[in-house]
Amino acid sequence: TENAEAYELYMKANEYFARQTKEGFQLAIQLITEAIKLDTGYARAYQFKANALAELYRSYDRTPALLDEAETLSKEALRLNTELFAVYLPLSQIYMHRGQLAESEEAAREYIRKDPQNFLSHGTLGFFYMETGQPAKAVAPFEEAVRLKPDHLVSLFNLVVACDSAGEREKCGDWARVALPQFERHVKLHPDDEGMRVNHALLLLWSGRTEDAYAAAMKLTNL
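Each value, and the rule that gives it
- Position numbers for residues start from 1 in each chain and track the written sequence from start to end.
- Only residues with pLDDT of at least 70 are given local features in this predicted model, and only at 80 or more are side-chain atom pairs given and counted; all residues enter the totals for whole chains, interfaces and linings.
- Computation of side-chain values: all heavy atoms of the structure, hydrogens and water removed.
- All axes are obtained by fitting lines to C-alpha atoms, using only the stretch in contact for helices, and the reported angles, taken between N-to-C directions, cover 0 to 180 degrees.
- Starting at the N terminus, helices and strands are each numbered in turn, a helix being any DSSP run of H or I of at least four residues and a strand any DSSP run of E of at least two.
- With respect to orientation, any angle under 35 degrees is reported as roughly parallel, any angle over 145 as roughly antiparallel, any angle of 65 to 115 as roughly perpendicular, and every other angle as oblique.
- A crossing counts as left-handed when the near helix is turned anticlockwise from the far one by less than a right angle, and as right-handed when that turn is clockwise.
- Every residue pair with non-hydrogen atoms within 4.5 Å of one another is taken to be in contact.
- Amino acids are sorted into nonpolar (Ala, Val, Leu, Ile, Met, Phe, Trp, Tyr, Cys and Pro), charged (Asp, Glu, Lys and Arg) and polar (every other residue, Gly among them).
- Polar contact is defined as a pair of N or O atoms within 3.5 Å, subject to the rule that within protein one atom must be able to donate a hydrogen and the other to accept it, and that residues adjacent in sequence are counted only when both atoms are side-chain atoms.
- What counts as a salt bridge is simple: a side-chain nitrogen of Lys or Arg found within 4 Å of a carboxyl oxygen of Asp or Glu.
- Categorising residues by exposure relies on relative accessible area from a 1.4 Å probe, with only protein chains included: less than 20% of the type maximum marks a residue as buried, more than 50% marks it as exposed, and the intermediate range marks it as partly exposed.

Draft legend 1. Fine view of the packing of helix H3 (residues 43-59) against helix H4 (residues 64-80). Viewed as axis vectors pointing N to C, H3 and H4 meet at an angle of 160 degrees, and their least axial separation amounts to 8 Å. One element, H3, and the other, H4, form an angle in the roughly antiparallel class. Two packed elements cross with a definite hand, and for H3 against H4 that hand is left-handed. Touching Ala43, Tyr46, Gln47, Lys49, Ala50, Leu53, Ala54, Leu56 and Tyr57 of H3 are Pro64, Leu66, Leu67, Glu69, Ala70, Leu73, Ser74, Glu76, Ala77 and Leu80, all from H4. Here the residues of the contact of H3 with H4 sort into 14 nonpolar, 2 polar and 3 charged.

Dropping the structure here:
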């Protein structure tokens, strides 16, 4: 967008989205709706709102209308910009939540075909496999996501979880030890990020540092 105010709203919406709380998603949706009003051709804002609605549905509010609106927004984003491949992320989630698993997997694979060097495209396929109870299939896509963006915390954590869920204990421990320095840096800079502190405690456990994991967990219970 060339509208500075719309862009500012988009960036602020990203901050709230990153909190992964119900209120954060709702505020992000509110702000991005205002951005779209300011620039009705802002394709990325449509894609962002679709993703926020899908995440709100997944975590907090199972109202089917949220998915319907997200699908409409996704298609409008693609109409406005046929090369905005990130739209396939919310589309995959929308179909998955509706039980359209073949369509969900195909949307994730289409994302990879269109944007193979984007870590998010591979992460989308890995997420589909994790959410549908296929963790062994999720490992390779998450490994590719981490290869493309080694410092992305969500991809790192999802990879460790996939390895653990797939019963690949040695690989789980190896990746947990790779992820730990990144998470330690993050929680030091953002001590109020409780979600990441929980993940950090889990990584300590998976890496074999049981006493440190227990100490980190106890700090969380004392908040």
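Draft legend 2. View of the environment of aspartate 193. Along the polypeptide, aspartate 193 turns up in the loop between helix H10 (169-189) and helix H11 (194-206). Taking the C-alpha atoms as reference points, aspartate 193 and glutamate 143, separated by 50 residues in sequence, lie 25 Å from one another. There is a polar contact of 2.9 Å between the side chain of aspartate 193 and the side chain of histidine 186.

Draft legend 3. Representation of the pattern of salt bridges in the model. Scanning the entire structure with this criterion turns up 20 salt bridges. The closest approach of N and O atoms between lysine 149 and aspartate 151, which form a salt bridge, is 3.8 Å. On the basis of relative accessible area, lysine 149 is assigned to the partly exposed category, the value being 31%. Where glutamate 168 meets lysine 171, a salt bridge forms, and the shortest distance between an N and an O atom there is 3.7 Å. The class for lysine 171 is partly exposed, based on a relative accessible area of 30%. Where salt bridges share partners, they join Asp68, Glu71, Lys75 and Arg98 into one cluster.

These figures capture arrangement, not role.
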